[in-house]
Amino acid sequence: MSAGRTVEGAGCVTWWGFGPARDLLNSENMVRSDGELNVLLVGSGDPRHILKTITGLTHSDTLHIWVIENSMEIVARQLLLLYLSLQTPENMSLHKKTEVFLEVFGNSEIRKETEETLKHAAAQLSLSITNTLSSNSHAHPCLDTSLLKFKERDELVRIFKLWERPPSVPASVRKVWDARVRQHLGTRYDSRQGCFDWDLSMKLHQRGCGVISKHQYVKWRESGVAFEMREGLYQTANQSLLSTRVFNHRGDQVAVRGYWGDIVSSPYLSFGIETENKDLLKKQNNQHVKTAQDISEVNVLALFECLATRESSLLNEDVPNPSSSCCQSTDRLITEEKIQNDPPSSQTHSETEQHPAEQHTQALDLLNLRGVKVSFLSPDSLKKLPLKNKYRNLFKSIFCSASMVHQLDSSLREIAAPDAALLIELANFLLDLSKEQVSGFADRVKEIAGESGFTATHDQSSDVYAVFTRKND
């Protein structure tokens with residue numbers, strides 16, 4: 001059973017994950033081997049695991065991440081978020097990149113300036129996909145869409161064009177969001193504030209998300225706006241969070257464009273509920289001083305600093321690099337004061353923003369993390385991987401989301417390396433499920449992993465992810 005598809009509050013499109021970012025190569029039983037490290041992500045929904053895994057690489061590691069999503073709309077958004085993550089410091093400061101990334105990541109409505117950045121990114125990505133259609137290669141060393149079918153790449157171009165030039169009479173995102181909330185709550189809609197507070201205090205807080213503040217969570221549940229880092233008007237539809245869903249209406253198939261993602265659990269789960277900086281978890285009068293937004297900013301900024309550090313270290317390969325990971329090489333604590341002291345985004349225009357007329361003639365000007373590659377596979381490819389020799393015993397680590405567990409079967413052992421790790425997202429943060437359903441889902445995950453040739457690791461203290469290792473044959 002797919003938990004994600006049976007819960008109305010979670011929606012039918014996974015725009016973000018239901019658990020924090022994880023380094024998929026940092027398993028207690030995993031032995032790092034020489035050569036390329038291959039990781040498979042099935043339905044991750046956002047690039048949190050990709051970014052976190054890159055930060056754990058050593059200077060000499062090479063990493064190939066393979067991504068399978070269940071729709072091209074999610075693939076398009078993955079590409080958009082990775083595009084923003086790989087912006088060079090010359091084009092966008094680290095602080096501005098953090099703000100734009102989180103705004104696009106978790107807000108149904110964004111600022112006008114952010115919309116221009118999104119449109120520019122869509123134009124660049126559309127051009128790069130078009131180039132792959134003619135040359136069957138990837139337009140950037142880190143982003144590879146050449147393994148997608150031609151019709152799938154055509155669909156990506158269509159989506160990017162829609163983001164670049166949205167309909168002249170766009171649907172009101174606030175009305176679309178409110179319609180989802182009304183449908184989800186039903187007769188409880190008039191007392192929705194109490195429902196929001198119950199979900200936060202009796203569910204999210206009880207499950208370890210005490211840093212999510214009531215004010216921010218309720219605002220997101222009401223409007224879909226989770227991150228407000230700058231003063232400004234958040235009134236422009238975030239096109240990357242809109243998608244098409246087909247309904248049956250009087251025997252006809254009707255396609256409706258709207259917001260069909262999570263309206264209950266929140267985008268704070270991906271980057272905002274865990275941190276290595278314990279100062280951000282301090283309490284006063286039994287209340288958290290910092291919020292999930294603060295922690296998200298610090299964590300994403302740290303990830304982006306690691307990306308920039310990895311590229312700079314690779315550009316200077318003659319310089320000794322004793323650090324074991326790019327995060328350690330920053331060698332300093334990142335605090336929220338750095339974000340607050342950043343100059344307003346209006347003062348940090350990039351060259352590409354200043355010269356929009358040139359955008360169609362430029363190649364993707366992004367960080368080149370040599371040794372890192374992200375390849376996107378077709379939505380239906382998971383069943384086909386075991387049939388191809390190139391994927392046999394290839395993947396050192398495999399991640400699967402709660403919404404895609406139903407696609408796993410015994411063929412998984414054919415593509416897993418001998419000592420591979422399997423990380424499966426559980427249903428702990430699918431708030432519409434009862435405790436019995438969450439527990440039943442975890443039991444079913446264990447069964448599926450066992451049938452696929454994996455055994456649970458000794459440390460199963462987390463109820464967010466289940467971790468398994470491949471059994472010795």
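An account of the accompanying structure is given in this report. (Residues numbered from 1 in each chain as written. Predicted model: local features only at pLDDT ≥ 70, side-chain atom pairs only at ≥ 80, totals over all residues. Heavy atoms only, no water.)

1. A closer look at the overall build of the chain
Alright, step 1. Along its length, the chain carries 15 helices and 14 strands.
Alright, step 2. Relative to its 473 residues, the chain shows a buried fraction of 58%.
Alright, step 3. By sequence separation, contacts in the chain at least 24 residues apart represent 78% of the contacts at least 6 residues apart.
Alright, step 4. Carbon and sulfur atoms make up 49% of the accessible area of the chain, which amounts to about 20,300 Å² in all. (Helix = DSSP H or I, 4+ residues; strand = E, 2+ residues; numbered from the N terminus. Buried < 20%, exposed > 50% of the residue type's maximum accessible area, 1.4 Å probe, protein only. Contact = heavy atoms within 4.5 Å. Areas by Shrake-Rupley, 256 points an atom, 1.4 Å probe, with all protein chains shown as cover.)

2. Focus: the environment of Asn248
Alright, step 1. In this structure, Asn248 sits in strand β6 (residues 243-249).
Alright, step 2. In terms of polar contacts, Asn248 uses its side chain to reach the side chain of Gln253, at 2.2 Å. (Polar contact = N/O pair within 3.5 Å; in protein donor to acceptor, adjacent residues only side chain to side chain.)

3. Let's talk about helix α6 (residues 173-185)
Alright, step 1. Helix length check: α6 (13 residues) gives 18 Å between terminal C-alpha atoms against 18 Å at 1.5 Å per residue, within 8%.
Alright, step 2. Among the residues making up α6, those that are buried are Val173, Val176, Trp177, Arg180, Val181, His184 and Leu185. All buried residues of α6 project into a common sector of 160 degrees when viewed along the axis, lining one side. Summarising the geometry of α6, the exposed residues directed more than 90 degrees from the buried face are Lys175 and Gln183.
Alright, step 3. The elements touched by buried residues of α6 are β3 (109-110), α7 (192-204), α8 (214-223), β5 (236-237) and β7 (252-258).
Alright, step 4. One or two residues past the end of α6 sits Gly186, with phi positive at roughly 60 degrees. (Expected span 1.5 Å × (residues − 1). Arc of directions from axis to C-beta.)

4. Details of the pattern of salt bridges
Alright, step 1. In the structure shown here, the tally under the stated rule is 27 salt bridges.
Alright, step 2. Residue Asp46 pairs with Arg48 through a salt bridge whose shortest N-O separation is 3.1 Å. Across this residue pair, the class does not change: Asp46 and Arg48 are buried.
Alright, step 3. Notably, a salt bridge pairs Lys384 with Asp380, separated by 3.2 Å at the nearest N-O pair.
Alright, step 4. The class of Lys384 is partly exposed, set by a relative accessible area of 37%.
Alright, step 5. Through salt bridges that share partners, Lys96, Glu103, Arg111 and Glu113 make up one connected network. (Salt bridge = Lys/Arg side-chain N within 4 Å of Asp/Glu carboxyl O.)

5. Quick word on the pairing of β6
Two faces belong to every sheet, and in a regular strand the side chains alternate between them.
Alright, step 1. With seven bridges joining them, β6 and β7 adopt antiparallel strand pairing. Paired with Val246 across the bridge in β7 is Ala255.
Alright, step 2. Between the end of β6 and the start of β7, which pair antiparallel, lie two residues, with Arg250 showing a positive phi angle near 55 degrees. (Pairing = 2+ DSSP bridges.)

6. Side note on the layout of surface pockets
Alright, step 1. Estimated volume of the second largest pocket: approximately 240 Å³.
Alright, step 2. Forming the walls of the second largest pocket are 13 residues, and the residues nearest its centre are His205, Gly210, Ile212, Gln287 and His288.
Alright, step 3. Tallied by class, residues from the lining of the second largest pocket come to three nonpolar, seven polar and three charged. (1 Å grid on protein atoms, 1.4 Å probe; cavity = no way out; pocket = protein on both sides within 12 Å on 5 of 7 lines; lining within 4 Å. Points joined across faces, edges and corners; volume = space filled by probe spheres on them. Nonpolar A, V, L, I, M, F, W, Y, C, P; charged D, E, K, R; others polar.)

7. Considering the sheet that holds strand β10 (residues 372-377)
Alright, step 1. Taken together, the eight strands give an open sheet; going across it, the order is β4-β10-β2-β1-β11-β12-β14-β13, and neighbouring strands pair in mixed fashion. At either end of the open sheet lies a strand with only one pairing partner, and these are β4 (143-144) and β13 (454-456).
Alright, step 2. Packing against the sheet, helix α1 (residues 48-55) makes contact with β1 (36-42), β2 (62-68), β10, β11 (395-400), β12 (416-425) and β14 (465-470), and its axis sits at approximately 170 degrees to β2. (Axes fitted to C-alpha atoms, helices over the stretch in contact; angles between N-to-C directions.)

8. Remarks on the packing of α6 against α8
Alright, step 1. At their nearest, the axes of α6 and α8 sit 7 Å apart, and the two run at 100 degrees to each other. Relative to α8, the element α6 is oriented roughly perpendicular. Residues Trp177, Val181, His184 and Leu185 of α6 form the contact with α8, whose own contacting residues are Trp220, Arg221, Glu222 and Ser223.
Alright, step 2. Considering only residue class, the contact of α6 with α8 consists of four nonpolar, two polar and two charged. (Parallel < 35°, antiparallel > 145°, perpendicular 65-115°, else oblique.)

9. Focus on unusual backbone geometry
Alright, step 1. In the Ramachandran plot, Asn285 falls in the positive-phi region, its phi being about 55 degrees despite a non-glycine side chain.
Alright, step 2. Within the element layout of this structure, Asn285 appears in the loop between β8 (283-284) and β9 (287-288).
Alright, step 3. Classification of Asn285 by relative accessible area gives exposed; the value is 76%.
Alright, step 4. Even without a glycine there, the phi angle at Asn393 is positive, about 50 degrees.
Alright, step 5. Following the sequence through the fold, Asn393 ends up in the loop between β10 and β11.
Alright, step 6. Overall, Asn393 belongs to the partly exposed group, its relative accessible area being 41%.

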